[in-house]
Amino acid sequence: MTTAPDTEAELVARADAMSGKSLGELAQELSVDVPKDFRRNKGWVGTLIERVLGATAGSRDEPDFVELGVELKTLPLDARGTPRESTFVCTIALDEVGDLEWEQSRVRRKLARVLWVPVQADPALAVSERRVGTSLLWSPSEAEEAALRFDWEELTGTIGRGDVEDLRGHLGRFLQIRPKAADSHARRRGFDRDGASFQTLPRGFYLRATFTARLLSDLVPPQAAP
DNA sequence: TATTGATCATGC
DNA sequence: GCATGATCAATA
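On a predicted model such as this, the values are computed, not experimentally measured, just so you know.

Scoring rules and cut-offs
- Residues numbered from 1 in each chain as written.
- Chains lettered and ligands numbered in written order.
- Predicted model: local features only at pLDDT ≥ 70, side-chain atom pairs only at ≥ 80, totals over all residues.
- Heavy atoms only, no water.
- Near = heavy atom within 4 Å.
- Polar contact = N/O pair within 3.5 Å; in protein donor to acceptor, adjacent residues only side chain to side chain.
- Phe/Tyr/Trp six-rings, centres within 6.5 Å; stacked < 30°, edge-to-face > 60°.
- Buried < 20%, exposed > 50% of the residue type's maximum accessible area, 1.4 Å probe, protein only.
- Helix = DSSP H or I, 4+ residues; strand = E, 2+ residues; numbered from the N terminus.
- Nonpolar A, V, L, I, M, F, W, Y, C, P; charged D, E, K, R; others polar.
- Core = buried A, V, L, I, M, F, W, Y, C linked by side-chain atoms within 4.5 Å.
- Contact = heavy atoms within 4.5 Å.

**Considerations on the protein's contact with DNA strand B**
Lining the immediate environment of DNA strand B, one finds 18 residues, of which R40, K42, R168, G169 and A181 sit closest. Taken together, the sugar and phosphate atoms account for 56% of what DNA strand B places within 4 Å of the protein. A distance of 2.4 Å is found between a phosphate oxygen of DNA strand B and a backbone nitrogen or oxygen belonging to G169. Within the side chain of R178, an N or O atom sits 2.8 Å from a base nitrogen of DNA strand B.

Spelled out as structure tokens, the structure:
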């Protein structure tokens, strides 16, 4: 069990030491089995990287590195180096988010400081052969935060008006709301237009891949066009 | 083929 | 049940 890093510098040093290694190598160092695919192990890469870097495992509503206030997110990249998937941020308290301000939001807290860890996710590569890239310790720029805030206010405003059922995945420029549940039958409390409590599908905030792609393009200059 | 909606495992 | 970690897979 790796101990938690004491400083951001130590965290970054660990991330640098990890870059270039394959998931197979890292799994072997930790004596964990490598699945053939992620159909029944969807969080496997994230959990593996957590352990490598010494994040506090668990399901608490806290940053992965509590002392540092840093959140860890892996970023699955396709063969071109572009994120393949959106990034889950947090679940939504549908019965209270309408009363919150952006400053108090879980989205803002979660994204205040993030260590992005790119990992190859080209389906043509065997899981154990996929390699970890160069991590990026990131905080949103003013422009990025303003953009996220805009989406957040629009989306939570819809919830606050009692129109949660109008929320679809296509809403939101960079931040979107999609189901986040065990299955489509899951239910949790929300409020309708009349303020009456009712049961609805649990939902979460996700960052679109276009947003995370930008972060990486700031880190790695684009290759010259062929 | 990009995206949205659905789903899987685990800990407390 | 709800939080954590996400990817799968049907659809547009």
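**Focus on the packing of aromatic side chains**
A complete count under the given rule lists 6 aromatic pairs for this structure. Between F38 and W44, the aromatic rings sit 6.1 Å apart at their centres with planes inclined by 20 degrees, giving stacked as the arrangement. Judged by its relative accessible area of 22%, F38 falls in the partly exposed class. You can call W44 buried: its relative accessible area is 12%. A connected cluster of aromatic rings, assembled from ring pairs, spans W116, W138, F174 and F211.

**Regarding the protein's contact with DNA strand C**
The environment of DNA strand C is made up of 26 residues, and the closest members are D64, E71, K110, K180 and Y206. Close to the protein, within 4 Å, the atoms of DNA strand C are drawn from sugar and phosphate at a rate of 65%. Within the contact set of DNA strand C, a base nitrogen lies 3.4 Å away from a backbone nitrogen or oxygen of G43. K180 places a side-chain nitrogen or oxygen 2.4 Å from a base oxygen of DNA strand C. For the surface near DNA strand C, the elements supplying multiple residues, two or more each, are α3 (44-53), β1 (71-77), β2 (87-91) and α4 (106-111). Ranked by residue count, the leading element in the surface near DNA strand C is β1, at 4 residues. Looking at side-chain class alone, the surface near DNA strand C contains 4 nonpolar, 7 polar and 15 charged residues.

**Examining the nonpolar core**
Core analysis: the biggest nonpolar cluster contains 28 residues, and V107 and F205 have the highest contact counts within it. When neighbours within four sequence positions are excluded, V107 is seen to be in contact with V89, C90, W102, W152, L175 and F205. Core analysis: the next-biggest nonpolar cluster, separate from the first, contains 23 residues, L11, V32, L48 and V127 among them.

**Comments concerning α3**
In terms of residue burial, α3 counts as a mostly covered element, since 7 of its 10 residues are buried. All of the buried residues along α3 are W44, V45, L48, I49, E50, V52 and L53. Contact partners of the buried residues in α3: α1 (8-18), α2 (23-29), β1 and β3 (114-120). The positive-phi residue at the C-terminal boundary of α3 is G54, with phi of around 85 degrees.

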